[in-house]
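Below, each chain spelled out in residue letters.
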Amino acid sequence: MPACLQQRWYDDSNSWLAMTEEKLSSTAIILHWSVAVSVFFLFLSSWWMLGLPLPSDNFTYRELPFQLHKNIGITLIFLVVVMIGVRINHKRRQTAVTRTQLEKLAELDHLLTYVLLIACCVSGYLSSSYSGWTTTVWWLIDFPNWAEENDALNILFSDIHLWTCWALLAVIAMHIAAALFHAFNDDDVIKKMFRL
Amino acid sequence: MENQHGANRGSDFNPTWLGVVAVLFGVLLFASQGTELLKQLVIVPGTAAELGIAADCRPDELEEEGLSLQECQLLLSSVQISLASSPGWFRPVQIFLSLSSSLAAILSVAVGMALVADRRGPATLAVPVFGLLILLDCAGFIAVLNTGPLLRAQYLWPALLWFFIHACLFTAALVRRQQQLASDD
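**What to know about the environment of S102 of chain B**
Residues and elements named next belong to chain B. In this fold, S102 is placed in helix α5 (residues 90-116). The class of S102 is buried, set by a relative accessible area of 11%. Sequence separation between S102 and A126 is 24 residues; the distance between their C-alpha atoms is 16 Å. Residues contacting S102, with those up to four places away along its chain left out, are F30, Q33 and G34.

**What to know about the interface of chain B and chain A**
The figure often quoted for interface size is the accessible area lost as the parts come together. With 42 residues of chain B at the contact, the number on the chain A side is 36 residues. Taking both partners together, chain B and chain A bury about 3,500 Å²; carbon and sulfur atoms supply 75% of that area. Between E65 of chain B and R62 of chain A there is a salt bridge, and its shortest N-O distance comes to 3.3 Å. Linking chain B with chain A are four residue pairs in polar contact (both at pLDDT 80 or more), by the criterion used here. Put simply, the parts of the chain that give the side of chain B that touches chain A at least two residues each are α2 (15-42), α3 (59-65), α4 (69-85) and α5 of chain B.

**Notes on the nonpolar core**
Ranked by internal contacts, the top residues of the largest apolar core, which has 49 residues, are W33, V39, L52, Y61, L168 and F194 of chain A. Within the residue set of this core, elements represented by two or more residues are α3 (26-49), α4 (63-93), α5 (101-131) and α6 (151-185) of chain A together with α2, α4 and α5 of chain B. Element by element, the count of residues in this core is highest for α3 of chain A, at 13 residues. For L168 of chain A, the residues in contact, after removing those within four places along its chain, are V39, F43, T113, L116, L117 and C120 of chain A.

**Structural notes on the confidence of the model for chain B**
Residue and element names in this part refer to chain B. Across chain B, the average pLDDT comes to 88, with 94% of residues at or above 70. The secondary-structure element of chain B with the lowest mean pLDDT is helix α1 (residues 2-11), recorded at 46, while helix α7 (residues 126-145) shows the highest, at 96. Here residues 1-8 is modelled with pLDDT under 50, and outside its nearest four sequence neighbours on either side it reaches zero contacts, counting other chains as well. What the predictor reports for the complex is a pTM of 0.85 with an ipTM of 0.86.

**So, the packing of aromatic side chains**
All names here are of chain B. Evaluated as defined, the whole model comprises ten aromatic pairs over all chains. Measuring from ring centre to ring centre gives 6.0 Å for W89 and F90, while their planes differ by 75°; the resulting arrangement is edge-to-face. Aromatic side chains F90 and Y155 sit 5.8 Å apart centroid to centroid with 65° between the ring planes, which places their arrangement in the edge-to-face category. You can see F90 sitting in helix α5 and its partner Y155 sitting in helix α8 (residues 149-184), a full 65 residues away along the chain. For F90, a relative accessible area of 1% translates into the label buried.

**Considering the packing of α3 of chain A against α2 of chain B**
Taken N-terminus to C-terminus, the directions of α3 of chain A and α2 of chain B make an angle of 45°; their axes are 9 Å apart at the nearest point. Comparing their axes, α2 of chain B and α3 of chain A come out oblique. Like other packed secondary-structure pairs, α3 of chain A and α2 of chain B cross with a definite hand, here right-handed. On α2 of chain B, the residues that touch W33, A36, V37, F40, F41, L44, S45 and W48 of chain A of α3 of chain A are V23, V27, L28, F30, A31, S32, G34, T35, L38, K39 and V42 of chain B. Partitioned by chemical class, the residues of the contact of α3 of chain A with α2 of chain B number 14 nonpolar, four polar and one charged.

**Description of the side chain of S82 of chain B**
Relative to the elements of secondary structure, S82 of chain B occurs in helix α4. Setting aside residues no more than four positions away along its own chain, S82 of chain B makes contact with I43 and Q154 of chain B.

**Brief notes about a negative patch on the surface**
A surface patch of negative charge is lined by E148, E149 and D151 of chain A together with E63 of chain B. The residue E149 of chain A is located in the loop between β2 (141-142) and α6 in this model. Relative accessible area serves as the criterion here: at 56%, E149 of chain A is assigned to the exposed category.

**Observations regarding α6 of chain A**
Residue and element names in this part refer to chain A. Look at α6: 51 Å from first C-alpha to last across 35 residues, which is about the 51 Å you get at 1.5 Å a residue. The set of residues buried in α6 consists of N154, F157, T164, C165, L168, V171, I172, H182 and A183. With a side-chain oxygen lying 3.1 Å from the backbone nitrogen of A152, the N-terminal cap of α6 falls on N150. Two residues or fewer after α6 comes D186, characterised by a positive phi angle close to 50°.

**Details of the pattern of salt bridges**
Residues and elements named next belong to chain B. Enumeration according to the criterion identifies five salt bridges over all chains in this entry. With a shortest N-O distance of 3.7 Å, E36 and K39 are connected by a salt bridge. With a gap of three residues between them, E36 and K39 both fall in helix α2, about one helical turn apart. A cluster of three or more residues bridged by salt bridges with shared partners is formed by R58, D60 and E61.

**Some points on the side chain of S98 of chain B**
All names here are of chain B. Position of S98 relative to the elements: it lies in helix α5. Residue classification places S98 among the buried residues on the basis of a relative accessible area of 1%. Sequence-distant contacts of S98, that is, excluding residues within four places in its chain, are made with Q33, E36 and L37.

Rules used throughout
- Residues numbered from 1 in each chain as written.
- Chains lettered and ligands numbered in written order.
- Predicted model: local features only at pLDDT ≥ 70, side-chain atom pairs only at ≥ 80, totals over all residues.
- Heavy atoms only, no water.
- Helix = DSSP H or I, 4+ residues; strand = E, 2+ residues; numbered from the N terminus.
- Buried < 20%, exposed > 50% of the residue type's maximum accessible area, 1.4 Å probe, protein only.
- Contact = heavy atoms within 4.5 Å.
- Buried area = accessible area lost by both parts, 1.4 Å probe.
- Salt bridge = Lys/Arg side-chain N within 4 Å of Asp/Glu carboxyl O.
- Polar contact = N/O pair within 3.5 Å; in protein donor to acceptor, adjacent residues only side chain to side chain.
- Core = buried A, V, L, I, M, F, W, Y, C linked by side-chain atoms within 4.5 Å.
- pLDDT = per-residue confidence, 0-100.
- Phe/Tyr/Trp six-rings, centres within 6.5 Å; stacked < 30°, edge-to-face > 60°.
- Axes fitted to C-alpha atoms, helices over the stretch in contact; angles between N-to-C directions.
- Parallel < 35°, antiparallel > 145°, perpendicular 65-115°, else oblique.
- Left-handed = near helix turned anticlockwise from the far one by under 90°.
- Nonpolar A, V, L, I, M, F, W, Y, C, P; charged D, E, K, R; others polar.
- Patch = residues over 30% accessible without salt bridge, like charges linked within 9 Å, V, L, I, M, F, W, Y side chains within 5 Å.
- Areas by Shrake-Rupley, 256 points an atom, 1.4 Å probe, with all protein chains shown as cover.
- Lys, Arg positive; Asp, Glu negative; His and termini not counted.
- Charge placed at Lys NZ, Arg CZ, Asp CG, Glu CD.
- Expected span 1.5 Å × (residues − 1).

Quick look at the structure:
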C-alpha cells in the first residue's frame, strides 16, 4: 500500500488501531456467521426454486423450498434483532474514538445491512401473508394468518421483497470487499470477527 | 543476497488472507450444496412431472410471477429435463456428495477461522481439509461426466470452478505448512 494512504488509514486518529483492540463476544461472531450462511442459502435456493413449476393440486414442487425459505427468513428476523441488541450493547461499552471517512462508510454499510435484512424478511412475510398461503414455522407452529388474501398487496410486497434483496446483495458485496481489503492488508481489523 | 531476499519474501506469507478466503468460499459452498441437497429432495422420480399432466398456468398466477404462458409451461419442462436425464444412481450419489461437501465446507470455515486467529494446531488441518474438498469436487465432476449432455451442461462448469478455487486454497495451505515446518527446523 502506498505510504501516503497507509498514513491516512492507519495513523489518522489511530482509530483503526483502536478498532483492532475491540473484542467481539462469541455470541456476536456466531450470529454474524449464522446470518451469513442463511442469507447466501436464501439467495441461492430462491433463484433455483423460482424456476420450479407454479403450484397447483398436481404440482407441489414449490411447497418444501418455499416453507423452508419462509422458516429461515422468519428465524433471521429474530437473529438480526438479537444481533442489533448485541451490537448496541457492545457500542455502549466502547471507548469514544474519532472516526475516519472510511470508518463512517463502514458504519453506514453495517446500518444498511441491518435495515435491508429486516426489510427483506418483513416484506417477504407480508407478501406471503397476502398470498393466502399459510406459514408453519419449522413445521411446528402455525403462524397467525392475520391478513386476508389480497393480490395487489401480495404483488406490492413481493416487489419490495425483490428490490430490497437486490439492494442487500449489493451491500453484502461491499461488506465482503471491505473484509478482503483488511485481510489482504493483514491489519488485524478483520481478526475480531474470526476469533471465537 | 538473492537467497536472503527470497527467504524474506517467503516468510512474509500472510495466513489471514488465506483464512478469510477459505471462510468466504466455505460459506458460499455450504449455501450451494444446501441448495443442491434441496434440489435432490424436491425433484424426485415418480412425481407429477413424469405423469404427463399439463402445467397449471392460471392468468392471475402468471401476472403475479411476471411470467409468459410459454415460460410457465417451460418451468415444468425444466423439471422433466432433470428427471429424464438423471440415471437411477445419480440422485443418491448427489445427496451423498452434497452432504459430504456441506460437512467439508463447515470444516473449511473452521480451518479458515483458525488460520486468521493464527492457531497452529487447527491450522495444520488446512491441507487435509482443502484436499478433501478437491477430492469431493473430482468425485462430483466424474459423477456428472457419466450422465447425459443436459446434466453435464448444468453441472460441469460450476464443478470445474469449485475445483480450481479449492486447488488454489490447497496450494496456499501447502506453502504455509512447508514454511511452518521449515521454521521449526
